[in-house]
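Chain residues, written in single-letter form:
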Amino acid sequence: MFPLTEENKHVAQLLLSTGTCPRCIFRFCGVDFHAPYKLPYKELLNELQKFLETEKDELILEVMNPPPKKIRLQELADSIGNLSQNGEGRISVSQDGSIASKNSNLNVCNVCLGILQEFCEKDFVKKVCQKVEASGFEFTSLVFSVSFPPQLSVREHAAWLLVKQEMGKQSLSLGRDDIVQLKEAYKWITHPLFSEELGVPIDGKSLFEVSVVFAHPETVEDCHFLAAICPDCFKPAKNKQSVFTRMAVMKALNKIKEEDFLKQFPCPPNSPKAVCTVLEIECAHGAVFVAGRYNKYSRNLPQTPWIIDGERKLESSVEELISDHLLAVFKAESFNFSSSGREDVDVRTLGNGRPFAIELVNPHRVHFTSQEIKELQQKINNSSNKIQVRDLQLVTREAIGHMKEGEEEKTKTYSALIWTDKAIQKKDIEFLNDIKDLKIDQKTPLRVLHRRPLAVRARVIHSMETQYVDEHHFRLRLKTQAGTYIKEFVHGDFGRTKPNIGSLMNVTADILELDVESVDVDWPPALDD
């Protein structure tokens, strides 16, 4: 059933004669149900022309029935004045009341610039889908986004003023919000076509996004007059190539007076020679996250790449030994590595390991069985004797928060081999076993001052357990608050950590070896091997 009624005829005739396409005419007539927009363009045009083939006297708009949903009857006193008086004759009305147009036969819509013409037909959708299928992404649903040239908003504003004036003569009003949004109409038409062509649902929450960016070089200067009238709306932004963003243009259109707009921009807008061009078709997948625990067995391996002044100090890192495999298997563009704390290059991480999470950016492959993840874990473990990974699993972005939650309240257990300058006996270290919940103050260590702010941090040594080795060496097992600098607690860092093992024992002490024995964070969940 054709969606327009007798009440819409005059507006439809006006818009068609000034170069507006059928679908944009539906939008301005407030047609907010989907079916009419989905008809093929040529069929729509034929139907519209048949609808408008009536006697001249029938073209006079009369309100015989209650107006449609988006057109409201108002008092004559509220009707809109004749905008043509303010617009330097930009709106031309002929003697018989019909709208005169020099180029009524032009094909390209003067409002949507072809967006609702050839760019929502099946042929265009197929071209986009071919690009999607060639991109190599794995997906079971998608979100479809479009970016339209900002000048479309200016053209729509001009067409709205035109229609508003004509309806004002009939004591009717048309608010900006009464017009169906171009993007809405475009999605009504294209979403079912994309879904059918690709065989997956369109889902606003999907991590896989297909985006199409349109441009229209011919009319790019349509917005420029707004900058002179509303300069405050157009401020340069670092990440924007042009100040004429859609948001800035809409802000200016909301501020500009109607008479000022009509002095600067033709109403109705001129018909363009060409349709929009497609600037880019892009596919992207939201990040996926992999978590696990790692053990580090080398005393010559940093957690992250060790690069100073552009020069690499060591050939690999924990991060790279794990992430290189994940990047390859997930076919991701890049990654971000995070963990529950970090160990120094010469410190081993033993026990159940340290929790870590890796964000894989724009992965092309995202679906894995638990068996495939196990095999990936084994591949990582077979590739190096410096690290081992356990409990490897896919997690959500939200779940990573558990790793960081209350990080400083968590405890960590360490084992240290300590040297003393003075000869010691077993009895000289036994008193350390009795110290519980020792509070210490740690000024930011000298060795990390280049990357950490200067501060004094209060930390707690929950317990210590000693094991005598010889007159200059003993092992110390410590359970501490997370975030404690263990090396500095042993040697004192020139008095920056108080108290310390040296001051407690009244000796000069240093640490020769350090191992992390446990990181007490109950995440990620342990898996059966």
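Residues numbered from 1 in each chain as written. Predicted model: local features only at pLDDT ≥ 70, side-chain atom pairs only at ≥ 80, totals over all residues. Heavy atoms only, no water.

**Remarks on the pattern of salt bridges**
In total, this model carries 21 salt bridges according to the counting rule given. As a salt-bridge pair, Asp515 and Arg348 come within 2.8 Å of each other at their nearest N and O atoms. With a gap of 167 residues between them, Asp515 in strand S17 (residues 509–519) and Arg348 in strand S10 (residues 347–361) connect regions that are remote in the sequence. With a relative accessible area of 7%, Asp515 lands in the buried category. For Arg348, a relative accessible area of 27% translates into the label partly exposed. One salt bridge connects Arg447 with Glu488, and the closest N-O pair in it is separated by 2.6 Å. Note that Arg447 is positioned in the loop between strand S13 (436–443) and strand S14 (456–470) and Glu488 in helix H13 (residues 486–491), a separation of 41 residues in sequence. Arg447 sits in the partly exposed class, given a relative accessible area of 35%. When salt bridges that share partners are traced, they join Arg299, Arg348, Arg475, Glu513 and Asp515 into one network. (Salt bridge = Lys/Arg side-chain N within 4 Å of Asp/Glu carboxyl O. Helix = DSSP H or I, 4+ residues; strand = E, 2+ residues; numbered from the N terminus. Buried < 20%, exposed > 50% of the residue type's maximum accessible area, 1.4 Å probe, protein only.)

**With respect to the packing of helix H1 (residues 9–17) against helix H5 (residues 151–169)**
Contact pair H1 / H5: the axes reach a minimum separation of 10 Å and the direction vectors enclose 145°. Handedness of the crossing formed by H1 with H5: right-handed. Residues His10, Val11, Leu14 and Leu15 of H1 touch H5, and the partners they reach there are Leu162, Val163, Glu166 and Met167. For the contact of H1 with H5, the class distribution of residues is six nonpolar, one polar and one charged. (Axes fitted to C-alpha atoms, helices over the stretch in contact; angles between N-to-C directions. Left-handed = near helix turned anticlockwise from the far one by under 90°. Contact = heavy atoms within 4.5 Å. Nonpolar A, V, L, I, M, F, W, Y, C, P; charged D, E, K, R; others polar.)

**Examining the sheet that holds strand S5 (residues 277–285)**
Spatial strand order, S2-S4-S5: three strands in an open sheet with mixed pairing. The sheet terminates laterally at strand S2 (143–147) and S5, the two strands that pair on one side only. Across the sheet, the axes of successive neighbouring strands diverge by a mean angle of 15°, strand direction being ignored. Its contacts with the sheet put helix H4 (residues 122–134) on strand S4 (208–215) and S5, and the angle it makes with S4 is roughly 130°. (Pairing = 2+ DSSP bridges.)

**A closer look at the packing of H5 against helix H8 (residues 246–255)**
At a minimum axis distance of 8 Å, the contact between H5 and H8 shows a crossing angle of 25°. Judged by the angle between their axes, H5 and H8 are roughly parallel. Each of Ser153, Val154 and His157 in H5 lies in contact with H8, whose residues at this interface are Arg246, Val249, Met250 and Leu253. For the contact of H5 with H8, the per-class residue count stands at four nonpolar, two polar and one charged. (Parallel < 35°, antiparallel > 145°, perpendicular 65-115°, else oblique.)

**Considerations on the confidence of the model for the protein**
Detail in the predicted coordinates should be disregarded across regions flagged by low pLDDT. Looking at the protein, the pLDDT average stands at 88 and 89% of residues meet or exceed 70. Here residues 55–106 scores under 50 on pLDDT; set against residues more than four positions off or in separate chains, the count is 91 contacts. (pLDDT = per-residue confidence, 0-100.)

**With respect to a nonpolar patch on the surface**
A surface patch of nonpolar side chains, about 470 Å² in accessible area, is lined by Leu446, Leu449, Leu454 and Phe494. Tracing the sequence through the fold places Leu449 in the loop between S13 and S14. (Patch = residues over 30% accessible without salt bridge, like charges linked within 9 Å, V, L, I, M, F, W, Y side chains within 5 Å. Areas by Shrake-Rupley, 256 points an atom, 1.4 Å probe, with all protein chains shown as cover.)

**Quick word on the nonpolar core**
Residues Leu4, Leu116, Tyr186 and Phe214 are the most contacted members of the largest nonpolar core, which totals 83 residues. The element best represented in this core is H5, accounting for nine residues. Apart from the residues within four sequence positions on either side, Leu4 is in contact with Ala12, Ile25, Phe26, Cys29, Val31, Leu48 and Phe51. Residues Ala357, Leu432, Val516 and Val519 belong to the second largest nonpolar core, which totals 36 residues. (Core = buried A, V, L, I, M, F, W, Y, C linked by side-chain atoms within 4.5 Å.)

**Some details on the packing of aromatic side chains**
Tallied over the entire structure, the rule returns 21 aromatic pairs. Here the aromatic rings of Phe26 and Tyr37 are separated by 5.7 Å at their centres, their planes lie at 90°, and the arrangement is edge-to-face. You can see Phe26 sitting in helix H2 (residues 22–28) and its partner Tyr37 sitting in the loop between H2 and helix H3 (41–52), a full eleven residues away along the chain. Judged by relative accessible area, Phe26 falls into the buried class, the value being 0%. Taking the relative accessible area as the measure of exposure, Tyr37 reaches 0% and is therefore buried. Measuring from ring centre to ring centre gives 5.7 Å for Phe148 and Phe214, while their planes differ by 35°; the resulting arrangement is tilted. In this pair, Phe148 is assigned in the loop between S2 and H5 and Phe214 in strand S4, connecting sequence segments 66 residues apart. The same class applies to Phe148 as to Phe214, namely buried. Here the aromatic cluster, defined as three or more aromatic residues joined through ring pairs, consists of Phe119, Phe124, Phe144, Phe148, Tyr186, Phe194 and Phe214. Its end group placed over the ring of Phe148, Lys183 keeps NZ or CZ at 5.9 Å from the ring centre. (Phe/Tyr/Trp six-rings, centres within 6.5 Å; stacked < 30°, edge-to-face > 60°. Lys NZ or Arg CZ within 6 Å of the ring centre and 35° of its normal.)

**A closer look at H3**
With twelve residues, H3 should cover 16 Å at 1.5 Å per step; its first-to-last C-alpha distance of 17 Å lies within 8% of that length. Residues of H3 that are buried: Tyr41, Leu44, Leu48, Phe51 and Leu52. Summarising the axial view, the buried residues of H3 lie within an arc of 90°, below the 170-degree limit, and thus occupy one face. Relative to its buried face, H3 has exposed residues pointing more than 90 degrees away, namely Lys42 and Lys50. Of the surrounding secondary structure, the elements contacted by the buried residues of H3 are H1 and H2. (Expected span 1.5 Å × (residues − 1). Arc of directions from axis to C-beta.)

**Quick notes on H1**
With respect to burial, H1 is a largely interior element, eight of its nine residues being buried. For H1, the set of buried residues is Lys9, His10, Val11, Ala12, Leu14, Leu15, Leu16 and Ser17. Those residues of H1 hidden inside the fold are in contact with H2, H3 and H5. At the C-terminal side of H1, Gly19 shows a positive phi close to 100°.

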